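Take a look at the letters that make up each chain.
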Amino acid sequence: MRRPMVAGNWKMHGTRASVVTLIEGLTQQVLPADVDVAVFPSALHLAQVVDGLVGKAVAVGAQDCATQAEQGALTGEVAASQLQDLQCSLVLVGHSERRSLLGEGDEVVVRKFAAAQSSGLQPVLCVGETLGQRQAGQTLSVVAGQVAAVIDALGVAVFARAVIAYEPVWAIGTGLTATPEQAQEVHAAIRAQLAAKDAQLANEVRILYGGSVKAVSAAELFGMPDIDGGLVGGASLNADEFGAICRAAGN
Ligand code: PGA
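About the criteria used
Residues numbered from 1 in each chain as written. Predicted model: local features only at pLDDT ≥ 70, side-chain atom pairs only at ≥ 80, totals over all residues. Heavy atoms only, no water. Near = heavy atom within 4 Å. Polar contact = N/O pair within 3.5 Å; in protein donor to acceptor, adjacent residues only side chain to side chain. Areas by Shrake-Rupley, 256 points an atom, 1.4 Å probe, with all protein chains shown as cover. Nonpolar A, V, L, I, M, F, W, Y, C, P; charged D, E, K, R; others polar. Core = buried A, V, L, I, M, F, W, Y, C linked by side-chain atoms within 4.5 Å. Buried < 20%, exposed > 50% of the residue type's maximum accessible area, 1.4 Å probe, protein only. Contact = heavy atoms within 4.5 Å. Helix = DSSP H or I, 4+ residues; strand = E, 2+ residues; numbered from the N terminus. Pairing = 2+ DSSP bridges. Axes fitted to C-alpha atoms, helices over the stretch in contact; angles between N-to-C directions. 1 Å grid on protein atoms, 1.4 Å probe; cavity = no way out; pocket = protein on both sides within 12 Å on 5 of 7 lines; lining within 4 Å. Points joined across faces, edges and corners; volume = space filled by probe spheres on them.

Colleague: Please explain the site of the ligand as it appears in this structure.
Modeller: Surveying the vicinity of the ligand reveals 13 residues, the closest of which are Lys11, His95, Glu167, Gly173 and Ser212. Between the ligand and Gly173, the relevant distance is 2.7 Å, taken from an oxygen atom to a main-chain nitrogen or oxygen of the residue. When the free accessible area of the ligand is taken as 280 Å², the share hidden by the protein chains comes to 96%. A breakdown of the residues in the shell around the ligand according to their chemical character gives four nonpolar, seven polar and two charged.

Here is the structure:
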């Protein structure tokens, strides 16, 4: 059985004071023992969150890393090895906001994925189609292409130490959630794509759904056979709501 994961992507939100409040709220949550819970604060607040969550079973991840794993002369960037030194264990790669607003293509995403793993971090590879692509019937080919970019460059075995997040771009921050059936179709296709190369690995890799997940919609989504938890944006900024989503992923 795959162990569910619920991850909170705080995006470019937070001040020192609001992060204190959010940490306090998280430490008060009753979190299910059979779910991996993680939060992804902004790079500015990573150290504060790592320190604030000591003793709480919540992993901390970064929202991005440099394409080069080791520290060096690269102004403004953060190396995966530095994140590892800070006790981060995960990093998002290929989030659609970075793909579409910051021009990150598959080649850069693949390099970040590799940099993360070479520093011992688990990449969370984000994939998903735009509304136009869905309406044009291209959903499965777009997502398959984003997954294939990693497989072709690094080999399928890298997914033994990674998580995939399917996030339809049209559902992110819009309040529009994919139906459980829409999400399940894509999750099953991703798993089949991996299974064509390595059936056991495909059965073990966790595929999270992201896109306007709320406590009210979480249980039904997480009940689908190939949905192994969620990547939660807006709702993760509210500790009670996020805690409820985590509990929805438990058994
Ligand atoms: P959302 O964001 O839950 O606010 O839609 C999800 C994400 O972008 O990871």
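Colleague: Hey, could you run me through the nonpolar core in this one?
Modeller: Among soluble globular proteins, nonpolar side chains are generally buried collectively. The biggest cluster of nonpolar side chains holds 65 residues, and the ones touching the most others in it are Val6, Val39, Phe159, Ile190, Leu194, Tyr209 and Phe222. Setting aside residues up to four positions removed in sequence, Ile190 forms contacts with Val127, Val143, Val147, Ile164, Tyr166 and Ile207. Judged by nonpolar contacts, the second largest core, of twelve residues, contains Met5, Leu90, Leu208 and Leu231.

Colleague: When you look at the side chain of Glu104 in this model, what are you seeing that I'm missing?
Modeller: Note that Glu104 resides in the loop between helix 4 (96-101) and helix 5 (106-118). Of note is the side chain of Glu104, whose polar atom sits 2.8 Å from the side chain of Arg98. Beyond its immediate chain neighbours, meaning those up to four positions away, Glu104 contacts Asp64, Gly94, Arg98, Arg99, Val109 and Lys112.

Colleague: Honestly, the sheet that holds strand 6 (residues 163-166) in this entry has me stumped. Any pointers?
Modeller: Whenever strands of a sheet pair, they do so through backbone hydrogen bonds, lying parallel or antiparallel. The eight strands are arranged 1-2-3-4-5-6-7-8 in a closed barrel whose pairing can be described as parallel. With direction set aside, neighbouring strand axes in the sheet form an average angle of 25°. Relative to strand 4 (residues 90-93), strand 3 (residues 59-62) runs parallel, the two being bridged by two bridges. Counted as the bridge partner of Ala62 is Val91 from strand 4. Along the sheet, helix 7 (residues 139-154) contacts strand 5 (122-127) and strand 6; its crossing angle with strand 5, the most-contacted strand, is approximately 155°. Contacting strand 1 (5-9), strand 2 (36-40) and strand 8 (229-232), helix 11 (residues 239-249) crosses the sheet at an angle of about 160° to strand 1.

Colleague: When you look at the layout of surface pockets in this model, what are you seeing that I'm missing?
Modeller: It is the rolling of a water-molecule-sized probe over the atoms that shows where space remains empty. By volume, the largest pocket amounts to about 560 Å³. Taken together, 23 residues form the lining of the largest pocket, with Lys11, Met12, Gln63, Asp64 and Arg98 sitting closest to its centre. Among the residues forming the lining of the largest pocket, the class breakdown is ten nonpolar, eight polar and five charged. Along the wall of the second largest pocket there are 16 residues; nearest its centre are Met1, Arg2, Pro4, Phe222 and Ile227.

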